[in-house]
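So the chains spell out like this:
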Amino acid sequence: MGNRKIILNEKQLKYINSISHGTKLKSYLKKIDPKFTDFNKFIIAFEETIENKLRIKKNNNYSFDDLVFESIISRLELLNKYKKTCIRIFLECQKHNNYFLTLSIYLNKYFSNYSQNYLVKYYLITTYGIIFQIWIEDDESMDKVMSSLGKFIEITNKIKSFIIK
């Protein structure tokens, strides 16, 4: 019972998002589950919830460009609904290395659904990190994200053409 997964419901997620940058957050998290006094436990529950919402259909027919685009945009489109919470988690990760480690484990797990190849996963996670920084500043339309990701893929393809002949 001590290791049960906590999945947050939509009502909780929306409320958490609305108070993510306020002082009420920690007391509300504690009401959901007393273990959430440890913010790392909340990150785990949040990521488990996101993972449940992002059930990925294995598709080995993706081109490399489609794989990059689909994996990154699918996650960011879902996270758009909880952007304030994501930013709070991001800010807390900057202060606490163990939070960042937890988040990294979930990102690795997520991108493993798209590729088992170590170099491809490393590329996906690195690209996601760069695009995430743009996403933070972008609006709900994600126009800057889409444009930047397209340019990033284009640059990668140019570099690949020099490496792989």
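Please refer to the structure higher up on the page.
Residues numbered from 1 in each chain as written. Predicted model: local features only at pLDDT ≥ 70, side-chain atom pairs only at ≥ 80, totals over all residues. Heavy atoms only, no water.

Draft legend 1. Geometry of the nonpolar core. Ranked by internal contacts, the top residues of the largest apolar core, which has 47 residues, are Phe42, Phe46, Leu76 and Trp135. Of all the secondary structure elements, the ones that give two or more residues to this core are helix H1 (10-19), helix H2 (25-32), helix H3 (39-53), helix H4 (64-79), helix H5 (83-95), helix H6 (97-112), helix H7 (118-137) and helix H8 (143-163). A per-element tally of this core places H7 first, with eight residues. Excluding residues that lie within four positions of it along the chain, Trp135 makes contacts with Leu76, Leu79, Asn80, Lys83, Cys86, Met142 and Val145. (Core = buried A, V, L, I, M, F, W, Y, C linked by side-chain atoms within 4.5 Å. Buried < 20%, exposed > 50% of the residue type's maximum accessible area, 1.4 Å probe, protein only. Helix = DSSP H or I, 4+ residues; strand = E, 2+ residues; numbered from the N terminus. Contact = heavy atoms within 4.5 Å.)

Draft legend 2. Structural view of a nonpolar patch on the surface. A contiguous nonpolar patch, built from Ile155, Ile159, Phe162 and Ile163 and spanning about 470 Å² of accessible area, is present on the exposed surface. Note on placement: Phe162 falls in helix H8. Residue Phe162 is classed as exposed on the basis of its relative accessible area, which comes to 66%. (Patch = residues over 30% accessible without salt bridge, like charges linked within 9 Å, V, L, I, M, F, W, Y side chains within 5 Å. Areas by Shrake-Rupley, 256 points an atom, 1.4 Å probe, with all protein chains shown as cover. Salt bridge = Lys/Arg side-chain N within 4 Å of Asp/Glu carboxyl O.)

Draft legend 3. Inspection of the environment of Glu92 at higher detail. Mapped onto the elements of the fold, Glu92 is located in helix H5. Assessed through its relative accessible area of 8%, Glu92 is described here as buried. Residues Glu92 and Ile43 lie 49 residues apart in sequence; the distance between their C-alpha atoms is 10.0 Å. In this view, Glu92 contacts Phe39 and Tyr99; residues no more than four positions away in its chain are not counted.

Draft legend 4. Here's a closer look at unusual backbone geometry. With phi around 60 degrees, Met142 is a residue other than glycine that occupies positive phi space. Tracing the sequence through the fold places Met142 in the loop between H7 and H8. Look at Met142 and you get buried, because its relative accessible area is 2%.

Draft legend 5. Here's a closer look at the side chain of Arg75. Examined against the element boundaries, Arg75 turns out to sit in helix H4. Here Arg75 is in contact with Glu47, Ile50, Leu54, Leu103, Leu107, Tyr110 and Tyr128, once residues within four sequence places are set aside.

Draft legend 6. View of the packing of aromatic side chains. Summed over the entire model, instances satisfying the criterion amount to 15 aromatic pairs. Ring centres of Phe64 and Tyr123 lie 5.3 Å apart, and the angle between their planes is 45 degrees; on these two criteria the pair is classed as tilted. Of the two residues, Phe64 sits in helix H4 while Tyr123 sits in helix H7, which places them 59 residues apart along the sequence. Assessed through its relative accessible area of 23%, Phe64 is described here as partly exposed. Assessed through its relative accessible area of 16%, Tyr123 is described here as buried. Geometrically, the ring pair formed by Tyr128 and Phe132 is tilted, given 5.8 Å between the ring centres and 40 degrees between the ring planes. Placement of the pair is Tyr128 and Phe132 together in helix H7, with a separation of four residues, close to one helical turn. For the pair shown, Tyr128 and Phe132 are each scored as buried. (Phe/Tyr/Trp six-rings, centres within 6.5 Å; stacked < 30°, edge-to-face > 60°.)

Draft legend 7. Fine view of H8. With 21 residues, H8 ought to run about 30 Å at 1.5 Å a step, and its terminal C-alpha atoms sit 30 Å apart, in line with that. Where H8 is buried, its residues contact H4 and H7. (Expected span 1.5 Å × (residues − 1).)

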